[in-house]
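Chain by chain, the residues run as shown.
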Amino acid sequence: MNLIYKTGATIFLFLCTSFLAVSQDFPPWDAPESASKVQNPVESNKESLEAGKAFYNAACKACHGEKGRGDGLIKAANLTTEKFLLQTDGAIFWKMQTGRGQMLSFKASPPEQIWSVINYVRNLSAKKAIIAKRNAIVQLAINKQSGSKEVTAKILELTSDKQQVPLENIKVSFFAKRYFGNMAVAVDAPHSTDANGETTITFPDGIIGDENGALTIVASIDDMDFNPAETSEQVSWGLENPKNYWTERRSLWKNNDYVPIWLLITFAGGAITVWSFIIYVMFQIMKIKLIGDKLKK
Ligand code: HEC
């Protein structure tokens, strides 16, 4: 009986503490009044929101989550609650510069970037009016002559009267297609279209293709005013991916046949350890049973 009470109490306590740990909110955090009065000097326009989004995804998303709900890798503040949104941009700016606990201080980041990320965070929870996005298409032109490896993407708007109009100043991203996700190429600078709706990159050397060196190039746009669009085309500019099992270098990002040896050994070692333990336990149980049978006799 005693044991049942003890077990019950332990389980109850365990449940209580885990519930507390989950429901525990961060203690109140107020910015000084002088900081709250500071105005956001950066207008919340497309340029600022795009800059804010890039900074958010690189520096905040891991903790605060994709949509700012505080549900990233660690529990972080929810940036979409009414309580959060009621504070001024100045107060948020101050908190981002000051930091607390696991919230880093972003004092080293340019103020403009911080103001932009604040614009973006506010935009995350704004009740967005459903704005019909415009449609665009991506075309790829590949210069196969003279080994120049030039790739030109052309972005055209599909207007409501079925016209195709070149779009200026649209950012284009280029990728090499991979099994899992695509690998960005030519990331040295943003590539925006010119007055003809075109932007050209030189495709980099040294990218591994399939056994014949074939690669798929993908060009895509991710613009707030347009629906996502992409197109792809195959070229033979990749390095040949040799089929030879023993000479090809093994890497984590390759398929099962090219698993690194250390990973194989670690995995096999882990599996063997676990199985030996299970077999050992079964053996011990059998022993107990045999002893029990003997005693009964
Ligand atoms: C390492 C994880 C981590 C990163 C990275 C991070 N935060 Fe935080 N953030 C937290 C945590 C945890 C809190 C809660 C701190 C507290 O209240 O003690 C917090 C709190 C905040 C707050 C204050 C919320 C309030 O109570 O008013 C703001 C604003 C904020 N973060 C914005 C950002 C922005 C913007 C970025 C990116 C530029 C960022 N954070 C990056 C973990 C992080």
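Residues numbered from 1 in each chain as written. Predicted model: local features only at pLDDT ≥ 70, side-chain atom pairs only at ≥ 80, totals over all residues. Heavy atoms only, no water.

1. Examining the site of the ligand
Stage number 1. Around the ligand sit 23 residues, and of these Cys60, Cys63, His64, Lys95 and Met103 come closest.
Stage number 2. In this structure, a nitrogen atom belonging to the ligand sits 2.8 Å away from a side-chain N or O atom of His64.
Stage number 3. Separating an oxygen atom of the ligand from a side-chain N or O atom of Gln87 is a distance of 2.8 Å.
Stage number 4. Counting residues per element, the ones that place at least two in the shell around the ligand are helix 3 (46-59), helix 4 (61-64) and helix 6 (89-98).
Stage number 5. In terms of residues, the shell around the ligand owes the most to one element, helix 6, which gives three residues.
Stage number 6. Residue composition of the shell around the ligand, by class: 17 nonpolar, three polar and three charged. (Near = heavy atom within 4 Å. Polar contact = N/O pair within 3.5 Å; in protein donor to acceptor, adjacent residues only side chain to side chain. Helix = DSSP H or I, 4+ residues; strand = E, 2+ residues; numbered from the N terminus. Nonpolar A, V, L, I, M, F, W, Y, C, P; charged D, E, K, R; others polar.)

2. Quick notes on the pattern of salt bridges
Stage number 1. Counted by the stated rule, this structure contains eleven salt bridges.
Stage number 2. Between Arg134 and Glu157 there is a salt bridge, with its nearest N and O atoms 2.9 Å apart. Separated by 23 residues along the polypeptide, Arg134 in the loop between helix 7 (111-125) and strand 1 (135-143) and Glu157 in strand 2 (residues 150-158) bring together distant segments of the chain.
Stage number 3. The exposure class assigned to Arg134 is partly exposed, which follows from its relative accessible area of 39%.
Stage number 4. Using a relative accessible area of 12% as the deciding quantity, one classes Glu157 as buried. (Salt bridge = Lys/Arg side-chain N within 4 Å of Asp/Glu carboxyl O. Buried < 20%, exposed > 50% of the residue type's maximum accessible area, 1.4 Å probe, protein only.)

3. Re the coordination of the iron atom of the ligand
Stage number 1. Of the protein atoms, only His64 (NE2) and Met103 (SD) coordinate the iron atom of the ligand, at distances of 2.0 to 2.1 Å.
Stage number 2. Note that the iron atom of the ligand binds six donor atoms; their angles at the metal cover 88 to 179°, and the shape is octahedral. With a gap of 39 residues between them, His64 in helix 4 and Met103 in the loop between helix 6 and helix 7 connect regions that are remote in the sequence. (Donors = N, O, S within 2.8 Å, 3.2 Å for Na, K, Ca; no water. Tetrahedral: all angles 85-135°; square planar, octahedral: opposite > 155°, others 65-115°.)

4. A word on the nonpolar core
Stage number 1. Counting 25 residues, the largest nonpolar core has Val151, Ile155, Phe174, Phe203, Ile217 and Ile221 as the members making the most contacts within it.
Stage number 2. Counting 18 residues, the second largest nonpolar core, distinct from the first, contains Tyr56, Ile92, Tyr120 and Val121. (Core = buried A, V, L, I, M, F, W, Y, C linked by side-chain atoms within 4.5 Å.)

5. So, helix 6
Stage number 1. Burial runs high along helix 6: seven of the ten residues are buried.
Stage number 2. Taken together, the buried positions of helix 6 are Asp89, Gly90, Ala91, Ile92, Phe93, Lys95 and Met96.

6. Looking at the packing of helix 6 against helix 7
Stage number 1. Here helix 6 crosses helix 7 at 120°, and the two axes come no closer than 10 Å. Of the possible angle classes, the one that applies to helix 6 and helix 7 is oblique. Crossing angle aside, the handedness with which helix 6 passes helix 7 is right-handed. Of the residues in helix 7, those in contact with Asp89, Gly90, Ile92, Phe93, Met96 and Gln97 of helix 6 are Pro111, Ile114, Trp115, Val117, Ile118, Asn119 and Arg122.
Stage number 2. Looking at the contact of helix 6 with helix 7, its residues break down into eight nonpolar, three polar and two charged. (Axes fitted to C-alpha atoms, helices over the stretch in contact; angles between N-to-C directions. Parallel < 35°, antiparallel > 145°, perpendicular 65-115°, else oblique. Left-handed = near helix turned anticlockwise from the far one by under 90°. Contact = heavy atoms within 4.5 Å.)

7. Side note on the confidence of the model for the protein
Stage number 1. When pLDDT is averaged along the protein, the result is 87, and 90% of the positions lie at 70 or above.
Stage number 2. Taken element by element, the predicted model of the protein shows its lowest mean pLDDT in helix 1 (residues 2-23) (65) and its highest in helix 6 (96). (pLDDT = per-residue confidence, 0-100.)

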